[in-house]
Amino acid sequence: MRQLKLFIENKWVDAEGGATFDSVNPATGEKVAVLAKASAGDVDKAVKVAKKAFDSGVWSRMDPDKRANLMLKAADIMRRRFEELAEAEARDAGKPIREARLVDIPYSIRAMEYFANMAREIKGEVIPLPGDQAFDWVSFEPYGVVAAITPWNFPLHLATRAICPAIATGNTVVAKASSLAPVTPMLLGEIFLEAGFPPGVVNILSGPGGTTGDALAGHEDVRMITFTGSVQIGRRVMEQAAQSPIIKKVLLELGGKGPFIAEADCDLDAAVNSLIPGFCLVEGQVCCASTRLYLHNDIYDQFMENLVRKVSSLRMGDIMDPETQIGSMIGQKELQSVDAYVKAAVDAGAKLVYGGEQVTTPPCDQGSFYQPTILEVESNDLACVREEIFGPVLTVMRYHSLDEAIALANDTEYGLGATVWSSNPRTLFRAAKEIDAGMVWLNTNVMSKIEAPYGGNKNSGLGREDGTIGLKEYVKAKNNVLYLGKPEDDNFYGF
């Protein structure tokens, strides 16, 4: 069993008072690691170290090629430790090992490589001005200390998605992983240390959000916060950023309630196949999950028959078995919340088509396994349709026209991802234009790539992660004006 301390200034240190907490495999109940529990004092130490490293210029003024080379070295180390990281990710988050191997670790390595190479490509802009009296250019500069607060559903992937663009652009980082699945983000400390990063550039803490996270978000020397999590905590992060002596830049990726529109002319089998991971991946514990199916009346019965048949054949159980497709939820508290939503939906008139129960037969009896669940509804007004359940629950509603489907899709406080299936390119183009979401997937689903921007509208967040657009979230633009005219002409106000 691992013993993981705090990673501060390239050193592994105990938390103040020696406080610790356990990380537990939610699929088996077995203890995975013992971690240091960072206090407000530990956060202060880490932030001061990161500020010192930033102010010294050891990283912020380092040649971008050198920064890139260190990041690429870190990526090589991650690749060498691939299987170790995948197994740790699966056990810590309760997800199938196949998922960790296919998504979590490859995406984490790609983030390190992609943003390493993007570090070489950060360029300024020349702004043409009328006349010839001034030369105007824009430069992009790092903020300083970035606080990266990341969740438990993709622990390593979402940690690297925040850390890598931050350091690629010259910032220093204090990262805090979720206390529910902190192991692989903490292992990044070993990787950065072996790669030869200067002390203080990346510091990684473990601890609960209510103490460690609050102290980090509210620290006066943090200049930017990137946070992925719930809308409720996102609002709190914004408040903390606003109350700071110097208002912080905030980047938020929050909840979702993704619509999935299946038109009558869609490739039905392909659409069903894409929908299943859309609401079952990580047991539905994904912000961009497809949780609202709007199904054209003409294909309703055939689509539903196909969907239920395939969902009922999904393999749930031993997360270390590469054939397992469905793992455990992160804990019993979360499972009970999902179950309460399902029971309330049925009481409110929804029809339970499939699932709706915890799975307790071996090998699922020691974890928090919940059946993929399908509910037929007749209104967008039910709580199961309007609120983010964060579990493997799909609501299904009939529609008769594209206008109706788009209106239903937009009838939500969220705007992260949306999906449309049709064989008509005009339908796809129109839906993409009219649906209010940060990402619209057309004849595919929940496709997220490091190279492309990711983020949402409305209550789904502020700003974008990933891609060149995401990279620029981590820099501030500075306008520079060089006066080239005669001194006597530089008198706009007659003084």
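Since the model is a prediction, treat every value here as computed from it, not as a measurement. (Residues numbered from 1 in each chain as written. Predicted model: local features only at pLDDT ≥ 70, side-chain atom pairs only at ≥ 80, totals over all residues. Heavy atoms only, no water.)

Enquirer: Before we move on, could you go through unusual backbone geometry and cite the residues and values that matter?
Expert: A negative phi angle is the norm for most residues apart from glycine, just as the trans form is the norm for most peptide bonds. In the segment running from P362 into P363, the intervening peptide bond is cis, with an omega of 5°. By the element assignment, P363 lies in the loop between β16 (358-359) and β17 (369-370). (Helix = DSSP H or I, 4+ residues; strand = E, 2+ residues; numbered from the N terminus.)

Enquirer: A description of the packing of aromatic side chains should follow, citing residues and the corresponding values.
Expert: Describing an aromatic ring pair means giving the distance of the ring centres and the angle of the ring planes. Under the definition given, this model contains 6 aromatic pairs. Ring centres 4.9 Å apart and planes at 50° place the aromatic pair F7 and W12 in the tilted group. Using a relative accessible area of 0% as the deciding quantity, one classes F7 as buried. In this structure W12 comes out as partly exposed when scored by relative accessible area, which is 29%. On the basis of an interplanar angle of 65° and a centroid distance of 4.7 Å, the ring pair of F192 and F197 is categorised as edge-to-face. (Phe/Tyr/Trp six-rings, centres within 6.5 Å; stacked < 30°, edge-to-face > 60°. Buried < 20%, exposed > 50% of the residue type's maximum accessible area, 1.4 Å probe, protein only.)

Enquirer: Hey, could you go over the nonpolar core for me, with residue numbers and the actual values?
Expert: Taken as a class, soluble globular proteins show a tendency for nonpolar side chains to be buried jointly. Counting residues in each nonpolar core, the largest one holds 60 residues, and the members touching the most others are M71, F115, I163, I167, L188 and F197. Setting aside its immediate chain neighbours within four residues, L188 contacts M78, L156, A159, T160, I163 and I204. Grouped together as the second largest cluster of nonpolar side chains are 29 residues, I261, V385, L402 and A405 included. (Core = buried A, V, L, I, M, F, W, Y, C linked by side-chain atoms within 4.5 Å. Contact = heavy atoms within 4.5 Å.)

Enquirer: Hey, could you go over the pairing of strand β21 (residues 417-421) for me, with residue numbers and the actual values?
Expert: With 5 of its 5 residues buried, β21 lies for the most part within the structure. Residues of β21 alternate between two faces, with G417, T419 and W421 on one and A418 and V420 on the opposite face, all of them buried. Following the backbone out of β21, through helix α14 (residues 425-434) and into the adjacent parallel strand β22 (residues 439-442), one traces a crossover that is right-handed. (Right-handed = clockwise from strand over helix to strand, strands pointing away.)

Enquirer: Give a detailed account of the pairing of strand β14 (residues 290-296), specifying residues and quantitative values.
Expert: In terms of burial, β14 is a largely internal element, 7 of the 7 residues being buried. Where strand β13 (residues 258-262) and β14 come together, 5 bridges link them in parallel fashion. Looking across to β14, one finds that A262 is bridged to L295. The handedness of the β13 to β14 crossover, carried by helix α9 (residues 268-280), is right-handed. (Pairing = 2+ DSSP bridges.)

Enquirer: Tell me what's going on with the side chain of N10, and back it up with residues and numbers.
Expert: Inspection of the secondary structure assignment puts N10 in the loop between β2 (6-8) and β3 (11-13). For N10, a relative accessible area of 16% translates into the label buried. Those residues in contact with N10 that lie beyond four places of it in its chain are L193, F197, P198, P199 and G200.

Enquirer: Quick one: what's the story with the sheet that holds strand β6 (residues 125-127), residue by residue and with numbers?
Expert: One open sheet holds the 3 strands; their spatial order is β6-β7-β25, and the pairing between them is antiparallel. Sheet topology places β6 and β25 (475-483) at the edges, where each strand pairs with a single neighbour. Across the sheet, the mean angle from the axis of one strand to that of its neighbour is 25°, orientation sign disregarded. Relative to strand β7 (residues 134-142), β6 is paired through 3 bridges, and the arrangement is antiparallel. Bridged to V126 within β7 is W137. (Axes fitted to C-alpha atoms, helices over the stretch in contact; angles between N-to-C directions.)

Enquirer: Could you give me a rundown of the sheet that holds strand β1 (residues 2-4), with the residues and numbers involved?
Expert: With mixed pairing, the 3 strands of this open sheet are ordered in space as β1-β5-β4. In the strand order of this sheet, the two ends are held by β1 and β4 (20-24), each with one partner. Recorded for the sheet is a direction-independent mean angle of 25° between the axes of neighbouring strands. Alignment of β4 against strand β5 (residues 31-36), held across 5 bridges, turns out to be antiparallel. In the strand pairing of β5, V24 is matched with K31. The sheet contacts of helix α6 (residues 183-195) involve β1, β4 and β5, and relative to β1 the element is tilted by about 70°.

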